[in-house]
Structures are given as structure tokens and as C-alpha cells.
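Examining the three-dimensional arrangement
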Amino acid sequence: MSYQSAQPFPFEKSPSAVAAAEREALLRNPGFGRVFTDHMVTMRYSQEHGWHDGKIGPRGAFPLDPATLVLHYGQEIFEGMKAYRLPDGGASLFRPDANARRFRSSAERLAMAPLPEELFLQSVRALVRTERDWIPAAEGASLYIRPFMFATEVLLGVKPSAEYLYCIIASPVGSYFKSGAPAVTLWVSETYTRAAPGGTGAAKCGGNYAASLAAQAEATAEGCEQVVFLDAVERRWVEELGGMNVFFVFDDGSLQTPPLGGTILPGITRDSLIVLARDLGLTVREEPYAIDQWQADARSGRLTEAFACGTAAVVTPIGTVKGRRHGFTIGEGGAGPVAARLKAALLDIQNGRAPDRHGWLDRLA
Ligand code: PLP
Ligand code: COI
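Being a predicted model, the structure only gives us computed values, none of them experimental. Numbers given for residues are sequential positions, taken from 1 along each chain in its written order. Chain A is the first chain written and ligand 1 is the first ligand written, with later ones labelled in order. Only residues with pLDDT of 70 or above have their local features reported here, since the model is predicted, and side-chain atom pairs are shown and tallied only from 80 upward, although totals for entire chains, interfaces and linings are computed over all residues. Side-chain metrics in this entry use all non-hydrogen atoms of the structure; hydrogen atoms and water are not considered.

**Description of a nonpolar patch on the surface**
- On the surface, a nonpolar cluster with roughly 340 Å² of combined accessible area is contributed by Y73, L156 and V158.
- A run of H or I in DSSP becomes a helix once it reaches four residues, and a run of E becomes a strand once it reaches two; helices and strands are each numbered from the N terminus. By secondary structure assignment, the location of V158 is in the loop between β6 (142-151) and β7 (163-173). Here the term patch refers to residues with relative accessible area over 30% and no salt bridge, with like charges joined within 9 Å and nonpolar side chains (Val, Leu, Ile, Met, Phe, Trp, Tyr) within 5 Å. Here, Shrake-Rupley sampling with a 1.4 Å probe gives the accessible areas, and only protein chains in the shown set may cover a residue. For this document, the term salt bridge refers to a Lys or Arg side-chain nitrogen within 4 Å of an Asp or Glu carboxyl oxygen.

In C-alpha cells, the structure reads:
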């Protein structure tokens, strides 16, 4: 097809690509992260050759030596971003330059070879162009893009790998949360923390998610969808959820979100919502918020809404918070007007229905 002509990487078509009718059926109800497109990007790094051998080929398994470093010491980072279908039939990414920057800083924190931001952007755009028929058209659906990189040197010594494999896969997605409920329930983890000062909390590395799973399992056992982590030093300040940032809305119309201090992920959705809220004339504070204050403010009515945000979660209202020492409902326990307004403002830009005043859309040629 014509869009392949702009292909900066050698392309090998998948012999087992899904037929159009089957793809359309899969796109009707993709869920989250269960359906995958036909192709993937791969690129290798070695100290001798730098970044090389970039290509787009059939999606498939990696043969790995059992002594591959990532399998032992977990040197792995990833990104999460989405491609959206536009009203004119075109497609667009949302702030991919911010993902490219974060991927580089995650690599630096994990002592991995940073991928040049321009190569990240070219490779993401190239895969989305290749897989553009997989971008769902339904409202709320998109093509989730997962760039990742891991240590491939074969060695049991503990040191930064001298070799890496970078890969991008793509997955058409609908809503991240299965329940379809208007708001999610959170479990306050008292037993576990996610990240400590000086640790990897601000990096998007697989290890952070591995460390969050025992807390997430506790949340699930308590009937909650997500875990909310407190800071590792005082066990008092709300940091973020297992896979999302968090915002609070007060009865004076102002918003607050925990500051970026190195222990939470600097979310691109978080940053975008701060800008959009200020565009709407709302006051936004990046200040610490204590879990006991959250409970007191929810009970007094000073807090009117809280919501989670992220690429996967978009904007998801928080209805109820439970924990060993906490239990409270926010407002009526459902979706609130400020979250709804911000979500609509964000989705309208991402889907090309509103003017892109901040230059956030990256339209695919
Ligand atoms: N915090 C964590 C731990 C995450 O996994 C994510 C998801 O990527 C976010 C926050 C939100 O980041 P973003 O808005 O860039 O997707
Ligand atoms: C994302 O939002 O992109 C994430 O990585 C979060 C994860 C829960 C899917």
C-alpha cells in the first residue's frame, strides 16, 4: 500500500496477517492488551555497532539464551502510548515526543543504552503507518503502542548489559477497566510501597510493576480495582496508583495532584490535564496530599471528586477508597463533573474533534 513508501525501515510482510473481516471482528470488542497486530519493530544495540538492524517484520517470539541478562536482573523499560483515528480518516499520535524523552530518561536510570529520540519517533510512526488498519474507529477505542527494550547480553555477571533489543508491538484497545462501572474502588496499601527516594519510581521499568503486584493482588482480594501507594518514608502522602496518576478536586473548584519528586511516574496524561485544567480557568496545585486528609476531606465534603489518569486509564473517576485504616466514598461515589469535563477536553483533542492549541497531535503522513 502507498503508505509503505515512506517506510524508513526494511519491511517484511507477515505471512500470517489476519484477514480484513477477522480484524474487523476483533476490533469490535478488543478489551485491553489481548489482541495484537500483525507486525512489530525490532532494533538492536551493541557497543560495537550502536543502534542497528532496525526493521518491521511479522510479530513473533524471541529466542532467548537462558543466561540473557534481562531474565536475571530485570534490565527492562517500556512506554505506553496510543494512536487515534481522526474524523477525516487519518490517524494521529498524542505527544509521542514526550514518550521518546521519558523512554530515554528511563534508559538512563536503568543504565541502558538510550535510544535516540528521533529513532524512537520514526519507529513508532513507521509501525502505526504499517498497522493503521488496526486503529479502531469506535468512540473510546484506540491502538495502544508498546515500545520496550531489554538487556540481551548473555552473562551472569551483575553489570549493565552491553547489548539491547528494542521492540514495538501494538494492540487495539477499548477501556482498561473491565467492570464498566462509572468509578473505580481503590485499596490503600499499608504493607507495601512502590518506590523510595533514590529508587526507580520515575522510570517506566518492568521492575516497578513487578514490585506492585503483591499490593495489586491484595487490592483485588479486597474487591478493589487498583492499589493506591503511599510514600515510602512517612507512609502518609498519596503518591499514585499501580498504573495511573491521581488528581483531587475540591469544593472551591481547584485541583491538586502529588508533585513529581522522583518516586512517581511523570505521566503525560497528568501533564496534559494540568494544562487543560488551567486552560479552563481552574487552579491546579502540585502539592503533597496526606491519606488522612483525603479521608477527612471526603467525609466533610470539601473534596468533591478524585480521579485516576493515564494513557490506559484516560480519566477514571475514583468512587470509594478502602484500607486497613481507611474507608470512605467520594461525593456520590460515581463520576463527577470536573473529571467528565477534563476527560472530554482531552479526548476531543486526541480524536481530532477540538483544535490542537498546544501542538500535541502528531498526524501520520
Ligand atoms: N503512573 C504509572 C505507574 C503508570 O504506569 C502510568 C501509565 O503509563 C501512569 C502513571 C500514567 O502515565 P501516562 O499518562 O504517561 O500514561
Ligand atoms: C499505560 O497507561 O500506558 C500503562 O503503562 C499503565 C498500565 C496499567 C497499562
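Now that the structure has been shown, the text picks up again.
**Thoughts on helix α6 (residues 268-279)**
- One less than the number of residues in a helix, times 1.5 Å, gives the span that helix is expected to have. Taking 1.5 Å per residue as the helical rise, α6 with its twelve residues ought to reach 16 Å, and the 17 Å between its terminal C-alpha atoms agrees with that figure.
- Among all positions of α6, only I268, T269, R270, S272, L273, I274, L276 and A277 are buried. Using a 1.4 Å probe on the protein chains alone, a residue whose accessible area is under 20% of its type maximum counts as buried, one over 50% counts as exposed, and one in between counts as partly exposed.

**Some remarks on the site of ligand 1**
- The criterion for a residue being near a molecule or strand is simple. One of its heavy atoms has to lie within 4 Å of it. Taken together, 17 residues are adjacent to ligand 1, and Y209, E240, I268, T269 and T311 come closest.
- Pairing of N or O atoms within 3.5 Å defines a polar contact, subject to two protein rules: one partner must be a possible hydrogen donor and the other a possible acceptor, and residues neighboring in sequence count only if both atoms are side-chain atoms. Y209 places a polar side-chain atom, nitrogen or oxygen, 2.4 Å from an oxygen atom of ligand 1.
- The contact in question runs from an oxygen atom of ligand 1 to an N or O atom on the side chain of T311, over 2.6 Å.
- Taken together, the residues that form the shell around ligand 1 break down as six nonpolar, seven polar and four charged. Three categories are distinguished: nonpolar for Ala, Val, Leu, Ile, Met, Phe, Trp, Tyr, Cys and Pro, charged for Asp, Glu, Lys and Arg, and polar for the others, with Gly belonging to the last.

**Digging into the packing of aromatic side chains**
- Working definition: a ring pair exists when centres of Phe, Tyr or Trp rings (six-membered ring for Trp) sit within 6.5 Å. Plane angles under 30 degrees give stacked, over 60 give edge-to-face, the rest tilted. Counted under the stated rule, the structure contains 18 aromatic pairs.
- Ring geometry for Y45 against Y164: centres 6.1 Å apart, planes inclined by 45°, an arrangement best described as tilted. Taken together, the residues span a long stretch of sequence, with Y45 in strand β1 (residues 39-46) and Y164 in strand β7 at a distance of 119 residues. As far as burial versus exposure is concerned, Y45 and Y164 are alike and both buried.
- Here the aromatic rings of F250 and Y289 are separated by 5.6 Å at their centres, their planes lie at 85°, and the arrangement is edge-to-face. Residue F250 is located in strand β11 (residues 245-250), and its partner Y289 is located in the loop between β13 (284-286) and α7 (291-300); the two are separated by 39 residues in the primary sequence.
- Its relative accessible area of 4% is what places Y289 among the buried residues.
- One aromatic cluster is present, built from ring pairs that chain together Y45, W51, F103, F120, Y164 and Y166.
- We count a charge as sitting over a ring when the NZ of a lysine or the CZ of an arginine lies within 6 Å of the ring centre and within 35 degrees of the ring normal. One residue, R23, lies across the ring of W134, its end atom 6.0 Å from the ring centre.
- Looking at R59, its charged tip hangs above the ring of F36, at a distance of 4.4 Å from the centre.

**Some details on the site of ligand 2**
- In the region of ligand 2, the neighbouring residues are F78, G80, Y144, R146, Y176, K204, G243, T311 and A312.
- In this structure, A312 approaches ligand 2 through a main-chain N or O atom, which is 2.8 Å from an oxygen atom.
- For ligand 2, whose accessible area on its own is 280 Å², the fraction buried by protein is 88%.
- Residues of the shell around ligand 2, tallied by class, amount to four nonpolar, three polar and two charged.

**Examining the packing of helix α3 (residues 96-109) against helix α4 (residues 117-130)**
- Comment: axis = line fitted to C-alpha atoms, over the contacting stretch for helices; angle = value between 0 and 180 degrees taken between N-to-C directions. For the pair α3 and α4, the least separation of the axes is 9 Å and the interaxial angle reads 130°. Classified by the interaxial angle, the pair formed by α3 and α4 is oblique. Considering how the two elements wind past one another, α3 and α4 form a crossing that is right-handed. Taking contact as the criterion, the partners of P96, D97, N99, A100, R101, F103 and R104 in α3 are, on α4, E117, F120 and L121. Roughly parallel means an angle under 35 degrees; roughly antiparallel means over 145; roughly perpendicular covers 65 to 115; every other angle is labelled oblique. Handedness of each helix crossing follows the sense of rotation of the near helix against the far helix: counterclockwise by less than a right angle gives left-handed, clockwise gives right-handed. Should any heavy atoms of two residues lie within 4.5 Å, those residues are counted as being in contact.

**A few points about the nonpolar core**
- We define the nonpolar core as a collection of buried residues of types Ala, Val, Leu, Ile, Met, Phe, Trp, Tyr and Cys that are connected through side-chain atoms lying within 4.5 Å of one another. Grouped together as the largest cluster of nonpolar side chains are 48 residues, with contacts concentrated most on W51, V124, I145, M149 and Y166.
- Here the element with the most residues in this core is β7; it accounts for seven residues.
- What Y166 contacts, discounting residues up to four positions off in sequence, is V41, T42, M43, W51, F103, L115, F120, S123, V124, P147, F148 and M149.

**Considering the packing of α6 against helix α8 (residues 337-350)**
- At a closest axis distance of 10 Å, the pairing of α6 and α8 adopts a crossing angle of 110°. Between α6 and α8, the crossing angle belongs to the class labelled roughly perpendicular. Note on element contacts: α8 touches α6 through L342, A345, L346 and I349, opposite T269, S272, L273, L276 and A277.
- Its residues assigned to classes, the contact of α6 with α8 comprises seven nonpolar, two polar and no charged.

**A short note on the environment of G301**
- Considering the arrangement of structural elements, one finds G301 in the loop between α7 and β14 (303-310).
- Under the relative-accessibility criterion, G301 is labelled partly exposed at 34%.
- Expressed as a C-alpha distance, the spacing of G301 and W51, which sit 250 residues apart in the sequence, is 55 Å.

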